[in-house]
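Survey of secondary and tertiary structure
Here is how the chains run, residue by residue.
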Amino acid sequence: MYNFQFSNPTKIVFGKGQIQNIGQEIDSSHRVLLMYGGGSIKKNGVYQQVIESLSNHDLVEFSGVEPNPSLETLSKAIELVESKGIDYILAVGGGSVIDGAKFVAAAAKFEGDDPWDILAKGAKVVSALPLSCILTLPATGTESNGNSVITKRSTQDKLPFSSPHVYPQVAILDPSVTFSLPPRQVANGVVDAFVHTIEQYLTYDVNAPVQDRFAEGLLSTLIEEGPKALSEPDNYDVRANIMWAATMALNGLIGVGVPQDWATHGIGHEITALHGLDHAQTLAIVLPSLMREKKEHKAAKLLQFGRRVWGITEGSDDAIIEQAIAKTAAFFEEMGVPTTLSGYGIEASAIDALVAQMEKHKLHAMGEHKDINPDVARRILENAA
Ligand code: NZQ
Ligand code: ZN
């Protein structure tokens, strides 16, 4: 196992009826920016619960943060923070709203000329406004990590940044708010959490059985509970298990001391930037093909994954690996998430432009061995056409 440091400062408040506690978690001396998305929180009662709990706080609202949040929209929130003297942000929504809030929090304290440099040039975030969140879509893990992914629409750049300063202070996770999710978003969440786990697990062995078995536990849970969330949409326990699995998949714990991949995400972000696909849809396209492309380097872990997670015991090593990949793709398809570009109406002729974007973003050394460059990514996409 590699050396590591681990700290996750986010306080998780989990369970039914917990949103009403948000007022107690945020000091009433703050002037709070309440950020949310396109309005789902007004239809499912979450907005009302938040407003009631924050009745003693000075609140300013900013709505309209869109899926795959844009610099263009968030710039308006940054102006509001400055003009209204905001000193705290509460994000209520899915990954897009929370990621957007993290960017606004960092931009508000950014001392350079252009906050986009945080993403485009890796400019260091040295401080940020404090923020908390109420999660409504289990998927990204953003509720208790320091990551954020923002899109500059004018140039079609979708880029990530990370900083310890943007961990939410408090994250409220009430699984019952996920009942109102459309099936597509339920499925997206399961696939995203599954792929986050794989990115930190399916690399090579460094003798880290704790991390391996945590990861395998999350994968098995998602495989068992994911289809149930679609077939038994009113089952609270299923929703709760998926929500907790998605948080655990990307709160840093399973990734400590082990090599990590993240090439599926790197390639996937380019597909969203150019074609507007949901984040998880892009991962479902890339991952099975990437597993086949890197079959030799990942052989030992693919075998372990096939045996322990999918329970495959019969056949040669090669047959077990091939079955494990096929079962992974079949699982995504069963969740209703197609695993090919054509499944979304994208033709193979679109691959050139995707590869050009990877060149532009200098994605020359992706994967745990830094050996996935745009040429390799081209093969991965061609085999997923
Ligand atoms: O905008 P509203 O009206 O709220 O509707 C949203 C949105 O249309 C809706 N929704 C959310 N909660 C709901 C609900 N509808 C009904 N009931 C609810 N309870 O769902 C739609 C999608 O929301 P979005 O936030 O875009 O989805 P998700 O949580 O999957 O976030 C995706 C974004 O997160 C980034 C992705 O790249 C993408 O931009 N990621 C962030 C990561 C991180 N910060 O660690 C890691 C991930 O790998 C990922 O890249
Ligand atoms: Zn993801």
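What you are looking at is a predicted structure, and each value in this text was computed from that prediction instead of being measured.

How each quantity is defined
- Residues numbered from 1 in each chain as written.
- Chains lettered and ligands numbered in written order.
- Predicted model: local features only at pLDDT ≥ 70, side-chain atom pairs only at ≥ 80, totals over all residues.
- Heavy atoms only, no water.
- Near = heavy atom within 4 Å.
- Polar contact = N/O pair within 3.5 Å; in protein donor to acceptor, adjacent residues only side chain to side chain.
- Areas by Shrake-Rupley, 256 points an atom, 1.4 Å probe, with all protein chains shown as cover.
- Helix = DSSP H or I, 4+ residues; strand = E, 2+ residues; numbered from the N terminus.
- Nonpolar A, V, L, I, M, F, W, Y, C, P; charged D, E, K, R; others polar.
- Domains from an automatic or database assignment.
- 1 Å grid on protein atoms, 1.4 Å probe; cavity = no way out; pocket = protein on both sides within 12 Å on 5 of 7 lines; lining within 4 Å.
- Points joined across faces, edges and corners; volume = space filled by probe spheres on them.
- Axes fitted to C-alpha atoms, helices over the stretch in contact; angles between N-to-C directions.
- Left-handed = near helix turned anticlockwise from the far one by under 90°.
- Contact = heavy atoms within 4.5 Å.
- Core = buried A, V, L, I, M, F, W, Y, C linked by side-chain atoms within 4.5 Å.
- Buried < 20%, exposed > 50% of the residue type's maximum accessible area, 1.4 Å probe, protein only.
- Donors = N, O, S within 2.8 Å, 3.2 Å for Na, K, Ca; no water.
- Buried area = accessible area lost by both parts, 1.4 Å probe.
- Salt bridge = Lys/Arg side-chain N within 4 Å of Asp/Glu carboxyl O.
- Patch = residues over 30% accessible without salt bridge, like charges linked within 9 Å, V, L, I, M, F, W, Y side chains within 5 Å.
- Pairing = 2+ DSSP bridges.

Close contacts around ligand 1 come from 33 residues, with G38, S40, G95, S96 and K158 the closest. N145 is positioned with one of its side-chain polar atoms (N or O) 3.0 Å from an oxygen atom of ligand 1. Here an oxygen atom of ligand 1 and a side-chain polar atom of H196 are 2.8 Å apart. Against a free-state accessible area of 970 Å², the protein chains account for coverage of 89% of ligand 1. Those elements that provide at least two residues to the shell around ligand 1 are α5 (95-108), β6 (147-152), α7 (183-201) and α10 (263-275). Split by residue class, the shell around ligand 1 holds nine nonpolar, 21 polar and three charged. Composition of the shell around ligand 1 by domain shows at least three residues from each of domain 1 (11-177) and domain 2 (183-382).

Rolling a probe over the atoms, with the probe sized like a water molecule, indicates the empty space that remains. Counted by the stated rule, this structure contains one cavity of 30 Å³ or more. Put simply, the largest cavity is a space of about 60 Å³. Considering the residues around the largest cavity, the lining is formed by P138, T178, L181, Q185, V186, G189, V190, A229, R239 and I242. Contributing elements (two or more residues each) for the lining of the largest cavity: α7 and α9 (236-249). A total of four residues in the lining of the largest cavity trace back to one element, the largest contributor, which is α7.

For the rest of this paragraph, the subject is the packing of α7 against α9. The description of two helices packed together rests on the angle between their axes and the distance between the axes. It is the contact of α7 with α9, at a shortest axis distance of 9 Å, that shows an interaxial angle of 35°. In the crossing of α7 with α9, the sense of the turn from one axis to the other is left-handed. In contact with V186, V190, A193, H196, T197 and Q200 of α7, α9 contributes R239, I242, A246 and A249.

Counting residues in hydrophobic clusters, the biggest one holds 67 residues, and the most contacted among them are F194 and F305. With nine residues, α7 is the largest single contributor of residues to this core. Those residues in contact with F305 that lie beyond four places of it in its chain are F194, I198, Y201, L202, L219, M291, W310, A324 and T328. Listed in part, the 39 residues of the second largest apolar core include L33, I78, L119 and M243.

Surrounding the zinc ion (ligand 2) are the protein donor atoms D192 (OD), H196 (NE2), H265 (NE2) and H279 (NE2), at 2.0 to 2.1 Å. The sequence motif formed by the donor residues of the zinc ion (ligand 2) is D-x3-H-x68-H-x13-H. With D192 in helix α7 and H279 in helix α11 (residues 279-293), the pair connects residues that are 87 residues apart, well separated along the chain. The pair formed by D192 and H279 is uniform in burial state, with each residue classed as buried.

This paragraph deals with the domain arrangement of the protein. Taken domain by domain, the protein holds domain 1 (11-177) and domain 2 (183-382). Between the C-alpha centres of domain 1 and domain 2 the distance comes to 26 Å. Listed as interface residues are 25 residues of domain 1 and, on the opposing side, 23 residues of domain 2. Across the domain 1/domain 2 interface, buried area totals approximately 2,000 Å², and carbon plus sulfur atoms make up 62% of it. Counting the contacts that link domain 1 with domain 2 gives one salt bridge. Across the contact surface, domain 1 and domain 2 share seven residue pairs in polar contact (both at pLDDT 80 or more). At the level of elements, β1 (11-14), β6 and β7 (157-162) are the ones that each hand at least two residues to the side of domain 1 that touches domain 2. Here the residues of the side of domain 1 that touches domain 2 are counted per class, giving 10 nonpolar, 10 polar and five charged.

Turning to a nonpolar patch on the surface, a few remarks are in order. Taken together, the side chains of M1, F4 and F6 make up a nonpolar region of the molecular surface, amounting to roughly 310 Å² of accessible area. Position of M1 among the secondary structure elements: in the segment before β1.

Turning our eyes to something else, we now look at the pairing of strand β4 (residues 88-93). The element β4 is largely enclosed, with a buried count of six among its six residues. Going residue by residue along β4, you find Y88, L90 and V92 tucked away on one face and I89, A91 and G93 tucked away on the opposite face as well. Bridge count for strand β2 (residues 31-36) against β4 is five bridges, and the pairing is parallel. The residue of β4 that forms the bridge with Y36 is V92. The pairing of β4 with strand β5 (residues 131-135) spans five bridges and is parallel. Paired with A91 across the strands is C133, a residue of β5.

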